[in-house]
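Okay, here's what each chain looks like letter by letter:
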Amino acid sequence: MVGKIKGAVMAEAKKISVALVTWGFGVVAMIAYCVLVYWLKHSFGIYVSMAGAMVFLAFAFFFIDLWWRLSHKKYE
């Protein structure tokens, strides 16, 4: 009985830690995005800023999709 409770607590702790780490990566990515757009706009202008924002988002969504697919892949 104690082993099952300990296993359940450890499983929930792992889920919470993974959620906090991924949330932290998301916050860091949003801050990096804002800094990049701000720097591009002040250094090169609005059009380069828009292009840089689209490239950043394209790479970000590519890596998010890659992480999502790999974490939900069924290994046989």
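Preceding block: the structure.
Just so you know, these numbers come straight off a predicted model, no measurement behind them.

Comments concerning the overall build of the protein
Reasoning step 1: The helix and strand tally for the protein stands at two helices and zero strands.
Reasoning step 2: Relative to the compact-globule value of 11 Å for 76 residues, the protein shows a C-alpha radius of gyration of 19 Å, a clear excess of over 25%.
Reasoning step 3: Counting only C-alpha atoms, the protein reaches 65 × 25 × 10 Å along its principal axes.
Reasoning step 4: Evaluated residue by residue, the protein yields a buried proportion of 5% over its 76 residues.
Reasoning step 5: About 6,900 Å² of surface is accessible on the protein, with carbon and sulfur atoms providing 78% of the total.

Remarks on the pattern of salt bridges
Reasoning step 1: All told, the structure shown has two salt bridges when counted by the stated rule.
Reasoning step 2: Salt-bridge contacts for Glu12 lead to Lys15; the nearest nitrogen and oxygen are separated by 3.4 Å. Placement of the pair is Glu12 and Lys15 together in helix α1 (residues 2-44), with a separation of three residues, close to one helical turn.
Reasoning step 3: Its relative accessible area of 41% is what places Glu12 among the partly exposed residues.
Reasoning step 4: Classification of Lys15 by relative accessible area gives exposed; the value is 54%.
Reasoning step 5: Residues Arg69 and Asp65 are paired through a salt bridge, measuring 3.0 Å at the closest nitrogen-oxygen approach.

Looking at the packing of α1 against helix α2 (residues 46-71)
Reasoning step 1: Running from N to C, α1 and α2 point in directions that differ by 160°, and their axes come no closer than 7 Å. When the axes of α1 and α2 are compared, the pair comes out roughly antiparallel. The hand of the α1/α2 crossing is right-handed. Where α1 approaches α2, its residues Thr22, Ala29, Ala32, Tyr33, Leu36, Val37, Leu40, Lys41 and Phe44 are matched on the opposing element by Ile46, Val48, Ser49, Gly52, Ala53, Phe56, Leu57 and Trp67.
Reasoning step 2: Residue classes in the contact of α1 with α2 are distributed as 13 nonpolar, three polar and one charged.

Brief notes about the environment of Lys6
Reasoning step 1: Turning to its location among the elements, Lys6 is positioned in helix α1.
Reasoning step 2: Sequence-wise, Lys6 and Ala29 are 23 residues apart; in three dimensions their C-alpha atoms are separated by 34 Å.

What to know about the packing of aromatic side chains
Reasoning step 1: Going through the model one piece at a time under the given rule, you end up with four aromatic pairs.
Reasoning step 2: Measuring from centroid to centroid gives 5.4 Å for Tyr33 and Phe56, while their planes differ by 45°, and the two rings are tilted. Of this pair, Tyr33 sits in helix α1 while Phe56 sits in helix α2, and the two are 23 residues apart along the sequence.
Reasoning step 3: Pairing Phe62 with Phe63 gives two aromatic rings, centres 5.2 Å apart and planes at 70°, and the pair type is edge-to-face.

Rules behind the numbers
Residues numbered from 1 in each chain as written. Predicted model: local features only at pLDDT ≥ 70, side-chain atom pairs only at ≥ 80, totals over all residues. Heavy atoms only, no water. Helix = DSSP H or I, 4+ residues; strand = E, 2+ residues; numbered from the N terminus. Rg over C-alpha atoms; globule rule 2.2 N^0.38 Å. Buried < 20%, exposed > 50% of the residue type's maximum accessible area, 1.4 Å probe, protein only. Areas by Shrake-Rupley, 256 points an atom, 1.4 Å probe, with all protein chains shown as cover. Salt bridge = Lys/Arg side-chain N within 4 Å of Asp/Glu carboxyl O. Axes fitted to C-alpha atoms, helices over the stretch in contact; angles between N-to-C directions. Parallel < 35°, antiparallel > 145°, perpendicular 65-115°, else oblique. Left-handed = near helix turned anticlockwise from the far one by under 90°. Contact = heavy atoms within 4.5 Å. Nonpolar A, V, L, I, M, F, W, Y, C, P; charged D, E, K, R; others polar. Phe/Tyr/Trp six-rings, centres within 6.5 Å; stacked < 30°, edge-to-face > 60°.

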